[in-house]
Protein chains: 2
Amino acid sequence: MAESWVNSGERTGGSDLHLELSGPGSKRAALARALRDAVRSGRLAPGTRLPPYRSLAADLGVARNTVADAYAELVAEGWLTARQGSGTRVAEQTRPPHTAVRPKRPTANTTRAPDRQPPPRPHPGPRPAARVHDLRQGTPDVSAFPRAAWLASYRRALQQAPNEVFGPGDPAGRPELREALAEYLARARGVRTEPDRIVVCSGFAHALRLLFGGGAGLEKGRGSGRQVLRGPLAVEAYGLPFHRELLAAEGVRTVPLPIDAHGARVDRLTCERAVLLTPAHQFPTGGPLHPERRAAVVDWARARGGVVLEDDYDGEFRYDRKPVGALQSLDPERVILIGSVSKSLSPAVRLGWMVLPERYVGDVLAAKGEREAWASVLDQLALADLIVSGSYDRHVRRMRQRYRARRDRLVAALAERAPHIEVSGVAAGLHAVLRLPPGTERSAIKAATWQGVALDGLAEFRHPDAGRPAHDGLVVGYATPSEHAYTAALEALCRALPPADAQPVITEQLNN
Amino acid sequence: MAESWVNSGERTGGSDLHLELSGPGSKRAALARALRDAVRSGRLAPGTRLPPYRSLAADLGVARNTVADAYAELVAEGWLTARQGSGTRVAEQTRPPHTAVRPKRPTANTTRAPDRQPPPRPHPGPRPAARVHDLRQGTPDVSAFPRAAWLASYRRALQQAPNEVFGPGDPAGRPELREALAEYLARARGVRTEPDRIVVCSGFAHALRLLFGGGAGLEKGRGSGRQVLRGPLAVEAYGLPFHRELLAAEGVRTVPLPIDAHGARVDRLTCERAVLLTPAHQFPTGGPLHPERRAAVVDWARARGGVVLEDDYDGEFRYDRKPVGALQSLDPERVILIGSVSKSLSPAVRLGWMVLPERYVGDVLAAKGEREAWASVLDQLALADLIVSGSYDRHVRRMRQRYRARRDRLVAALAERAPHIEVSGVAAGLHAVLRLPPGTERSAIKAATWQGVALDGLAEFRHPDAGRPAHDGLVVGYATPSEHAYTAALEALCRALPPADAQPVITEQLNN
């Protein structure tokens, strides 16, 4: 039989573990049994990291998917913890599946550290499946972070950094990064700017706080509470609830603009002086803002002294057409472009940027404070090197190919298994929208949960003040699973979709 | 004559530069002349980094100070840019010193990138000297950042990180870091806590905003503007103006507590429910809070349902006595300890921590947001590794020795050159206070400027509502200069101090 040694030295002091695949059933069943026995007997200690699929598969002479499936099975049973990709570990608290588990309250205990590990999942009955397929939008494939390239850039940056780097930082951000971004954004996104108009921040949320937060930034010598921009802020009727809540916490009222096939109805702007848009790829419904509307919203800003906030959250990832350039290029004095590496690299690297009209630069810097108090200066230098060295472009290209292939597989799977479901928003980005018959969204999400699929419905993103109609649909984040997990996730998704003759739970009138 | 090759490959495509020390005068003058010629002729291109003193000194067979002095001279003349330590570079815009220089406005130009480099300093006349000695408090020796150890920890952390690290982060911070901090703070600072009570943040300013900022953090489902703590906040009569301004911008009124020889007069607390203290080393006056007052302020918090914010900004650096443990250990349910790596490592690493009473954990996490939107997750893992591997302790020990030696040299220099000046606050930290006769502070700062020394007076740190008397003094940040620059900085400082028979500009009554 196939055999392998699991090197669990990291947590168990260098001991090795012998795995032997024997007994009845498939290789996958035999591997799952061997791993289960090893955990139960304590040979694989809690916290031990298991080898990557690829290496264990090679050692055992089995297919990589066999290992992936066996791991997934043990995760669902609570023996292992669900780390995407190679970092699967033995759960901290493993109990035989038949043992009753009493969930702990997170902050229940004051005298000693409660164990933060979640309790192991009980052994699943036939259904619902443990939630193992993560198709929620918002996260790139975490297994694809370019560790080697990032480390190489980080090393070069650290070794070449002048000593002053380790002193108080310029709140605008490191000049190396602002120069690299100015060049990159001009080339890749058509942005017209210069390094002095760029302010580095920790991400999109930080940018919104710097713009609207009376207290989010320090404004020396200005008294308290002065904001760079003031509400109300027009937003798209569908968008991230996180952003709306953040703005509400800053006391900024948001006013929804309807969305149609050409994107946000910017002709509906009334008294607002600022509008937040996702012009390249409306989030989450997926279309680009029509060229006429791009021009119209800039005209509006010029005529009314307004400003457009351009959330360029996934502008790098466009598959079918020519890239949709940044709206900012139409009028750099009327558009604030905000971007980050959260989709292109990882949300773990807390770096974003604002490309500002000249008149806002001083106020944003004042809001940020006298010194850099937010964005890691070493990460800034590493990102500058990653861009200048070409590694960033290479990574984006690689991911674009990977995500395009996933998108194609999603579209193909739906065409075969659920041809009655319309897919939209697939020309770009890391997610698609599956349009559903009116009134079926909630039951579709329930069915997905039943199949172990985590995803959101369109209702999650709808502005509470948005008018009718509400659209039913599922937002599928196809970048989220790691490569090996994608096939199974697609399968589970297709099983969850309503059949062609599904009856709506609540019938709504579509008047659009 | 001594010769050397300056390898300027970094910016000039690998070309080498031949330096020959010839002509009249000292070796220092000859080296300065050779460097000046090389810059003027373009052989040393703008931006080229010069070799470290040590290597150039070895190559030329001259003393290290000779090189340091020659560099300093060219920095003062505007040929080189003032990078502390080895990173000295050729200024981006070098003009012959006699050329008139028109300063640029930072955001003057809209069509092309203005060069952000400062204009070169004009050649100094006999006096005042160009400001080359930085004795401002607040920054550790930037030349001492443990690059190799940090990089080793970063590499290990990146290589060992499970994939989930690259997805959305826990707003509490990485468990690896919180565990390492709980252990370290217990051992080094006597803190009583557990990882679940620690919330990672970007530094002290971020912590203040999370605690007092209605809008600085997102509080999902709570409506807008709910704060974890409310003002007014009692503060020490002397402290960082940055903190007071930040609080004012959040709408928090600060009420000063007088300071005497035993530290803050916590018996003067009245209606406030929160007090911000620097118990280990009052900032900037320098004494520890008297044990009776430590007990008294905790009693006050218990009796009044109040909370003490402990700013543990330099608790690691104590030289003469046993470490003063954290006040937090007296009552972990009544004290919020806030620390960061800004003094121990560098403000370029944007990491801090809050050690919280249980009742605040949920609110602070809600204020921080659903996901980690601030602190670099990779830096968090690197810091965890740095601590667990022992490198952090080694670095702190090394820096403690270095700073103690500097403090000793400062005290010795003053004893010899200005024995009438009383030095205080030298048992700990990275700065000392030189007490001055009443009314002489402003003229002493002017004299320091005249000598090329940058430092602050006590008045800079005084709360605007603080009662009389105001104390005159200079706050000397002796950690700021790099090793080679310290001797010259001390010399210049001593030259700037008022003589024993100095007449005060304004005589004030000392009734303390």
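Residues numbered from 1 in each chain as written. Chains lettered and ligands numbered in written order. Predicted model: local features only at pLDDT ≥ 70, side-chain atom pairs only at ≥ 80, totals over all residues. Heavy atoms only, no water.

Got a minute to help me understand the sheet that holds strand S18 (residues 456-457) of chain B in this structure?
As a general point, the strands of a sheet are linked pairwise by backbone hydrogen bonds and lie either parallel or antiparallel. Residue and element names in this part refer to chain B. The strand order S15-S16-S19-S18 describes an open sheet built from four strands, whose pairing is antiparallel. A single partner strand is all that each edge strand has here, and the edge strands are strand S15 (422-424) and S18. Strand direction decides the pairing type here: S18 and strand S19 (residues 473-477), joined by two bridges, are antiparallel. Bridge pairing in S19 places Asp456 opposite Val475. Its contacts with the sheet put helix H13 (residues 441-450) on S18 and S19, and the angle it makes with S19 is roughly 40°. (Pairing = 2+ DSSP bridges. Helix = DSSP H or I, 4+ residues; strand = E, 2+ residues; numbered from the N terminus. Contact = heavy atoms within 4.5 Å. Axes fitted to C-alpha atoms, helices over the stretch in contact; angles between N-to-C directions.)

Help me understand the pairing of strand S13 (residues 335-340) of chain B, please; the structure alone is not making it clear to me.
The side chains of a regular strand alternate between both faces of the sheet. Residues and elements named next belong to chain B. Across the six residues of S13, six count as buried, placing the element largely inside the fold. Burial along S13 is two-sided: Val335, Leu337 and Gly339 and Ile336, Ile338 and Ser340, pointing in opposite directions, are all buried. In this sheet, S13 lies alongside strand S12 (residues 307-311) in parallel orientation, the contact comprising four bridges. Across the sheet, residue Leu309 finds its bridge partner in S13, namely Ile336. As paired strands, S13 and strand S14 (residues 352-355) are joined by four bridges and run antiparallel to one another. Opposite Ile338, over in S14, you have Met354 as the bridge partner. (Buried < 20%, exposed > 50% of the residue type's maximum accessible area, 1.4 Å probe, protein only.)

Would you take a moment to explain the confidence of the model for chain A for this structure?
Fine structural detail should not be taken from predicted coordinates in areas where pLDDT scores are low. Residue and element names in this part refer to chain A. Scored by pLDDT, chain A comes out at a mean of 83, with 81% of its residues at no less than 70. Low pLDDT, under 50, characterises residues 1-16; the predicted model gives this stretch 45 contacts beyond four residues in sequence or across chains. Per-residue pLDDT stays below 50 along residues 505-512; that stretch engages in 16 contacts with residues further than four places along the chain or on separate chains. As scored by the predictor, the complex reaches a pTM of 0.75 and an ipTM of 0.75. (pLDDT = per-residue confidence, 0-100.)

Help me understand the packing of aromatic side chains in this model?
Two aromatic rings, taken as a pair, are described by how far apart their centres are and by the angle between their planes. Applying the stated criterion across every chain, the model contains 14 aromatic pairs over all chains. Here the aromatic rings of Phe166(A) and Phe145(B) are separated by 4.2 Å at their centres, their planes lie at 15°, and the arrangement is stacked. Of this pair, Phe166(A) sits in the loop between helix H5 (147-160) and helix H6 (175-189) while Phe145(B) is found in the loop between strand S5 (133-134) and helix H5 (147-160), placing the two residues in two different chains. Assigned by exposure class, Phe166(A) and Phe145(B) land together as buried. Three or more aromatic residues joined by ring pairs make a cluster, and in this case those are Phe145(A), Trp150(A) and Phe166(B). A cation sits over an aromatic face here: Arg406(A) above Tyr486(A), 5.2 Å from the ring centre. (Phe/Tyr/Trp six-rings, centres within 6.5 Å; stacked < 30°, edge-to-face > 60°. Lys NZ or Arg CZ within 6 Å of the ring centre and 35° of its normal.)

Even after reading the chapter, I still don't get helix H2 (residues 27-40) of chain B, so can you show me in this structure?
In an α-helix there are 3.6 residues to a turn, and that puts residues three or four apart on one side. Across its 14 residues, H2(B) extends 20 Å between first and last C-alpha, which sits within 8% of the 20 Å expected from 1.5 Å per residue. Turning to H2(B), its buried residues are Ala30(B), Leu31(B), Ala32(B), Ala34(B), Leu35(B), Arg36(B), Ala38(B) and Val39(B). (Expected span 1.5 Å × (residues − 1).)

Which parts of the structure should I look at to understand the sheet that holds strand S7 (residues 233-236) of chain A?
Residues and elements named next belong to chain A. An order of S6-S14-S13-S12-S11-S7-S8 is seen for the seven strands of this open sheet, with the pairing classed as mixed. Edge positions in the open sheet fall to strand S6 (198-201) and strand S8 (254-257), since each of these has one partner strand only. For this sheet, the mean inter-axis angle between neighbouring strands, taken without regard to orientation, is 20°. Of the pairings in the sheet, the one linking S6 to strand S14 (residues 352-355) comprises four bridges and is antiparallel in character. Of the residues in S14, the one forming a bridge with Val200 is Trp353. Contacts from helix H9 (residues 291-304) reach strand S11 (274-277), strand S12 (307-311) and strand S13 (335-340) within the one sheet, and its direction differs from that of S12 by about 140°.

Where do I start with the domain arrangement of chain A in this structure?
Residues and elements named next belong to chain A. Assigned domains within chain A: domain 1 (3-100), domain 2 (133-142 + 394-511) and domain 3 (145-390). A C-alpha centroid distance of 27 Å is found between domain 2 and domain 3. If you look at the interface, domain 2 gives 36 residues, while domain 3 gives 33 residues. It is Ala427, Phe461 and His463 that lose the most area in domain 2 upon contact with domain 3, and together they represent 21% of the buried surface on that side. Linking domain 2 with domain 3 are 17 residue pairs in polar contact (both at pLDDT 80 or more). Looking at the side of domain 2 that touches domain 3, the elements that each hand over two or more residues are helix H12 (391-417) and strand S16 (431-435). (Domains from an automatic or database assignment. Buried area = accessible area lost by both parts, 1.4 Å probe. Polar contact = N/O pair within 3.5 Å; in protein donor to acceptor, adjacent residues only side chain to side chain.)

Explain unusual backbone geometry here, please?
When glycine is set aside, most residues are seen to have a negative phi, and most peptide bonds are trans. The peptide bond linking Phe283(A) to Pro284(A) adopts the cis configuration, its omega dihedral lying at 0°. Tracing the sequence through the fold places Pro284(A) in the loop between S11 and H9.

Mind showing me how you'd approach the pattern of salt bridges here?
Side chains bearing opposite charge may pair, as long as their charged atoms lie close to each other. Throughout the structure, instances matching the rule amount to 46 salt bridges over all chains. For Arg265(B), the salt bridge goes to Asp267(B), with nearest N and O atoms at 3.1 Å. By relative accessible area, Arg265(B) is classed as partly exposed at 22%. Each of the salt bridges in this network shares a partner with another, and the network as a whole consists of Asp141(A), Arg402(A), Arg406(A) and Glu483(A). (Salt bridge = Lys/Arg side-chain N within 4 Å of Asp/Glu carboxyl O.)

Would you mind going over the packing of helix H7 (residues 204-212) of chain A against helix H8 (residues 241-249) of chain A with me for this structure?
Any two packed helices are characterised by how steeply their axes cross, that is the angle between the axes, and by the distance between the axes. All names here are of chain A. The contact between H7 and H8 brings their axes to 10 Å, and the two run at 30°. The angle between H7 and H8 places the two elements in the roughly parallel class. In this structure, H7 crosses over H8, and the sense of that crossing is right-handed. Side by side, H7 and H8 meet where Phe204, Ala205, Leu208, Arg209 and Phe212 of the first sit next to Phe242, His243, Leu246 and Leu247 of the second. (Parallel < 35°, antiparallel > 145°, perpendicular 65-115°, else oblique. Left-handed = near helix turned anticlockwise from the far one by under 90°.)

Got a minute to help me understand the nonpolar core in this structure?
Core analysis: the largest hydrophobic core is formed by 142 residues, its most contacted members being Trp150(A), Leu383(A), Trp150(B) and Leu383(B). Sequence-distant contacts of Trp150(A), that is, excluding residues within four places in its chain, are made with Phe145(A), Leu345(A), Val349(A), Asp379(A), Ala382(A), Leu383(A), Leu386(A), Tyr154(B), Leu158(B) and Leu378(B). (Core = buried A, V, L, I, M, F, W, Y, C linked by side-chain atoms within 4.5 Å.)

Explanation requested: the pairing of S8(A) in the structure shown.
Residues and elements named next belong to chain A. Here S8 shows two buried faces, one formed by Thr254 and Pro256 and the other by Val255 and Leu257. Pairing of S7 with S8 involves four bridges; the strand directions are parallel. Its bridge partner lying in S8, Ala234 is registered against Val255. At this point the chain moves from S7, through H8, to the parallel S8, and the crossover so formed is right-handed. (Right-handed = clockwise from strand over helix to strand, strands pointing away.)

Could you clarify how one ought to interpret the environment of Val341(B) in this entry?
All names here are of chain B. Among the structural elements, Val341 can be located in the loop between S13 and S14. Owing to a relative accessible area of 0%, Val341 belongs among the buried residues under this scheme. Spatially, the C-alpha atoms of Val341 and Gly352 are 6.3 Å apart, while their sequence positions differ by 11 residues. Contacts of Val341, omitting those with residues within four sequence positions, involve Ser346, Val349, Leu351, Trp353, Leu383 and Tyr392.

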